[in-house]
Amino acid sequence: MQQAWDKYERLLENLRGLGRVVVAFSGGVDSSFLLKAALEALGPENVLAVTADSETYPEREREAAIALAKEIGSPHLVIHTSDLAIPGYADNPVNRCYFCKNELFSHLIPIARERGYHHVVFGAIADDLGEFRPGLQAAKERGVLAPLQDVMLYKREIRFLSQKLGLRTWDKPSLACLSSRIQYGERITREKLSMVDQAELFLLQLGFRQVRVRHHGQIARIEVPPQELAQVVEVADLVVAKLKEIGYQYVTLDLQGYRSGSMNEAVTAG
């Protein structure tokens, strides 16, 4: 993995050229690695991690982000936002992530200016270039930088480097906002977000690590890695009972297993 280390050195060099940065920090694999690199390149006096706490962000992830920022020695600010208050967002169009990222950056950019930071950076990676990612357009329009993408760091390399740098997020399951679980065109509400959050938390408590509960009206479509499908079947009665208690009428298991952005398949197929 010498190539990964070479990219890391270029990343540090690029970050040093940015002066002082605000890092959009969710606590996921990519933003945690970016924050760690920024701290090494610039020092904590020149870095501010900012986490946006909204209806689409699970409370457990907010608490994990707070703990991690403290653990790696980063100044950290939690701001409170409302994705559902963004005009057009709750209608759940296919470019929903554009609205979300645009709103996030509209908060982070003033914070950077007011506190004397020169740039806002976020954790987009090389893998994102080949996927449907409307949020990248919002970043481009706002002048928000993607240092990991600039040096073409891929997820597998970020996990490798994170482990070597001692970040406990190196093997953390991929994250995405709760809205990504609701099929495009179906209105997003607090109730639906809560249903998804409760259902996924239950499955996590059962021991599954990489889980998605996709919301299709009355139907819950569960995704876990293919090798764990049989384990869900083993506890099917328990899972069905809990998800029906949460509010779902039907509970299904996706036989293709977990894959990032599966709701986008209908979009890209068109």
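Our subject is the structure that appears above.
Definitions and limits used
- The numbers attached to residues start from 1 for each chain and follow its sequence in the written order.
- With pLDDT at 70 or above as the cut-off, local features in this predicted model cover only qualifying residues; side-chain atom pairs require 80 or more to be listed or tallied, and sums for whole chains, interfaces and linings still use all residues.
- The basis for every side-chain value is the complete set of non-hydrogen atoms in the structure, without hydrogens or water.
- Under the scheme used here, helices are H or I runs from DSSP no shorter than 4 residues and strands are E runs no shorter than 2 residues, and both carry numbers assigned from the N terminus.
- Note on contacts: a residue pair qualifies if any of its non-hydrogen atoms lie within 4.5 Å across the two residues.
- Joining through side-chain atoms within 4.5 Å is the link that ties buried Ala, Val, Leu, Ile, Met, Phe, Trp, Tyr and Cys residues into a set, and such a set is a nonpolar core.
- Three labels apply to residues, based on accessible area from a 1.4 Å probe with only protein chains included: buried if under 20% of the type maximum, exposed if over 50%, partly exposed otherwise in between.

1. Comments concerning the environment of Leu 148
Thought 1: Looking at the element boundaries, Leu 148 is found in helix α6 (residues 147-150).
Thought 2: With 85 residues separating them in the primary sequence, Leu 148 and Val 233 have C-alpha atoms 39 Å apart.
Thought 3: Discounting chain neighbours no more than four positions away, the residues touching Leu 148 are Leu 11, Asp 30, Phe 33, Leu 34, Gly 123, Ala 124, Ile 125, Leu 153 and Ile 158.

2. Examining the nonpolar core
Thought 1: Within the largest apolar cluster, 34 residues are counted, with the highest numbers of intra-cluster contacts made by Leu 11 and Phe 33.
Thought 2: Sorting elements by how many residues they give to this core places helix α2 (residues 29-42) first, with nine residues.

3. Some thoughts on the environment of Arg 115
Thought 1: Relative to the helices and strands, Arg 115 is located in helix α4 (residues 96-115).
Thought 2: Take Arg 115: its relative accessible area is 48%, and that puts it in the partly exposed class.
Thought 3: A sequence separation of 45 residues divides Arg 115 from Lys 70, and the C-alpha atoms of the two residues are 20 Å apart.
Thought 4: Beyond its immediate sequence surroundings of up to four residues, Arg 115 is in contact with Arg 20, Leu 48 and Leu 77.

4. As for the side chain of Arg 214
Thought 1: In this structure, Arg 214 sits in strand β5 (residues 212-216).
Thought 2: Look at Arg 214 and you get buried, because its relative accessible area is 2%.

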